[in-house]
Amino acid sequence: MYSSEGSNLPGNPTVPLTALQCSDVRLETLRPILSDEPISVLLITASQGVHVGTLGVLRPQVGGDVLTGIHILLTLKCTSECDHCFLHCGPSREATFTLGQLRTLIRQIEELETVNIVYFEGGEPFLFYPLLLEGLHMVRAAGFEAGIVTNGYWATSVEDGLHWLRPIRDLGIVDFSVSDDEFHRLDKNDRRAEFARQAAQQLGIPTATICIEPPSVSLQAAEGRRGKPVVGGGVLFKGRAAEKLTAGLPVRPREELTTCPHEDLLSPERVHVDADGNVHLCQGLSMGNIWETPLPDLVRGYDAQKHPIAGPLLRGGPIRLATEHGLAMNDSYVDECHLCYTARKLLLPRFPRYLAPKEAYGL
Ligand code: SF4
């Protein structure tokens, strides 16, 4: 949409010219991506003709896309210990934000000036309900939209769920997602996720269900793999899933695993942040630490190609990650994430700053 040129405008020689190439756009549409420092802008649109003026510099971006979503991992403690959990969450995990840390993070998110939505998830965020409420309050007061992901363990009935959710409805959220599948339901008669969803719907809260099926194998005719076994079910084989759910599944030659199929490592539009300060590009793959470098500086300074893990993944996927770092790997893996997670775990002692927290590797 835009490109930055090195030329100057007549009458304002000290300010660099930015040429904005748009099919048609109004000036107001541009303002959200601009900040306050002056820069001269040449704007050519169908509706407004040629405009030359001073608007502001482009807001900080990661690569090409703007970082618009922050997912706060409020705690890694959880009521369950699901086999498919990317972060090895469970009852014994302790990492949880303090109120002060939450306040600092939200201030940093404001300073970033690109974020529009903040999610609270975990672990199970309702385990720290007062913290969740106060965090939501701060996020809404800062003008962000908010969402929550929960397993609904707290809704022992719809009526009970209504009491938990009324304060949240009053603060206003745009997404209430309930994890409801075989992994989360220890007992097939457990209806708490359903009660939570019903209570949210009764209160008019926008509600969604996250349902991951156990891995299944079929002979689907996937493009380029006609007649070959295909793993379905929606599980991504990273975190605990890579260690607990891959046995017996069909595998692919490692030479085929040349891309990261699920994350935009060059220009992430959303990242997860945990209480230890790690900014996750993918679970356990950290851009850096906000308790050492504030989020806006971290984002502005992020150079994916120079990142020791994201760089190789961008250049040639998980197999490139393994070869660039001289790892001896097996000949085949279930999918890209399976090889990536396995390689990253081997690299953890060499790159503890970027492969964090170590608990994301079950350590
Ligand atoms: S390939 Fe690696 S970085 Fe990409 S989604 Fe899978 S585990 Fe994450």
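Going by the structure above, here's the rest.
Definitions and limits used
Residues numbered from 1 in each chain as written. Predicted model: local features only at pLDDT ≥ 70, side-chain atom pairs only at ≥ 80, totals over all residues. Heavy atoms only, no water. Helix = DSSP H or I, 4+ residues; strand = E, 2+ residues; numbered from the N terminus. Buried < 20%, exposed > 50% of the residue type's maximum accessible area, 1.4 Å probe, protein only. Contact = heavy atoms within 4.5 Å. Areas by Shrake-Rupley, 256 points an atom, 1.4 Å probe, with all protein chains shown as cover. Polar contact = N/O pair within 3.5 Å; in protein donor to acceptor, adjacent residues only side chain to side chain. Salt bridge = Lys/Arg side-chain N within 4 Å of Asp/Glu carboxyl O. Near = heavy atom within 4 Å. Nonpolar A, V, L, I, M, F, W, Y, C, P; charged D, E, K, R; others polar. Pairing = 2+ DSSP bridges. Axes fitted to C-alpha atoms, helices over the stretch in contact; angles between N-to-C directions. Core = buried A, V, L, I, M, F, W, Y, C linked by side-chain atoms within 4.5 Å.

Focus: the overall build of the chain
Tallying secondary structure elements over the chain gives nine helices and 16 strands in all. Here the chain, with 363 residues, has 51% of them falling under the buried criterion. Looking at the chain alone, contacts between residues at least 24 apart form 62% of all its contacts between residues at least 6 apart. Total accessible area computed for the chain in this model is approximately 16600 Å², and 51% of it derives from carbon and sulfur atoms.

Overview of the side chain of asparagine 151
Residue placement: asparagine 151 occurs in the loop between strand E7 (145–150) and helix H4 (158–171). By relative accessible area, which is 10% here, asparagine 151 ends up buried. Among the polar contacts listed, one links the side chain of asparagine 151 to the side chain of threonine 79, at a separation of 2.9 Å.

A short note on the pattern of salt bridges
With the rule as written, the count across this model stands at 17 salt bridges. Among the salt bridges present, the one from glutamate 94 reaches lysine 77, with a minimum N-O distance of 3.5 Å. One end of the pair, glutamate 94, is in the loop between strand E5 (69–73) and helix H2 (99–112); the other, lysine 77, is in the loop between E5 and H2, with 17 residues separating them in the sequence. Glutamate 94 sits in the exposed class, given a relative accessible area of 56%. Between lysine 345 and glutamate 243 there is a salt bridge, with the nearest N and O atoms lying 2.7 Å from each other. On the criterion of sequence distance, the pair formed by lysine 345 in helix H9 (residues 336–347) and glutamate 243 in helix H6 (residues 240–244) is long-range, its members being 102 residues apart.

Side note on the site of the ligand
Around the ligand sit Lys238, Cys260, His262, Glu263, Cys282, Leu313, Cys337, Cys340 and Arg344, and those are all the residues in its vicinity. The greatest single-element share of the shell around the ligand, amounting to three residues, is contributed by H9. A class-by-class count of the residues in the shell around the ligand yields five nonpolar, one polar and three charged.

Points about the sheet that holds E7
Here eight strands make up an open sheet; going across it, the order is E9-E8-E7-E6-E5-E13-E14-E15 and the pairing mixed. Edge positions in the open sheet fall to strand E9 (207–210) and strand E15 (285–289), since each of these has one partner strand only. Here the average twist between neighbouring strands, direction ignored, is 25°. Here three bridges tie strand E14 (residues 278–282) to E15, and the two strands are oriented antiparallel to one another. The partner of histidine 280 across the bridge, within E15, is serine 286.

Points about unusual backbone geometry
Going from glycine 122 to glycine 123, the amide bond is cis rather than trans, its omega being 15°. For glycine 123, the position within the fold is in the loop between strand E6 (117–121) and helix H3 (129–141). Proline 357 follows alanine 356 through a cis peptide bond whose omega is 0°. Checked against the element boundaries, proline 357 lands in the segment after H9. For histidine 88, which is not a glycine, the phi torsion comes out positive at approximately 55°.

Here we look at the nonpolar core
The nonpolar side chains of a soluble globular protein tend to be buried, and buried together. Of all hydrophobic cores here, the largest spans 82 residues; its most connected members are Leu165 and Phe176. Ranked by the residues each element gives to this core, the list is headed by H3, at six residues. Residues in contact with phenylalanine 176, not counting those within four places in the same chain, are Phe126, Ile148, Thr150, Trp154, Leu165, Ala196, Ala200, Ile205, Pro206, Thr207 and Ala208.

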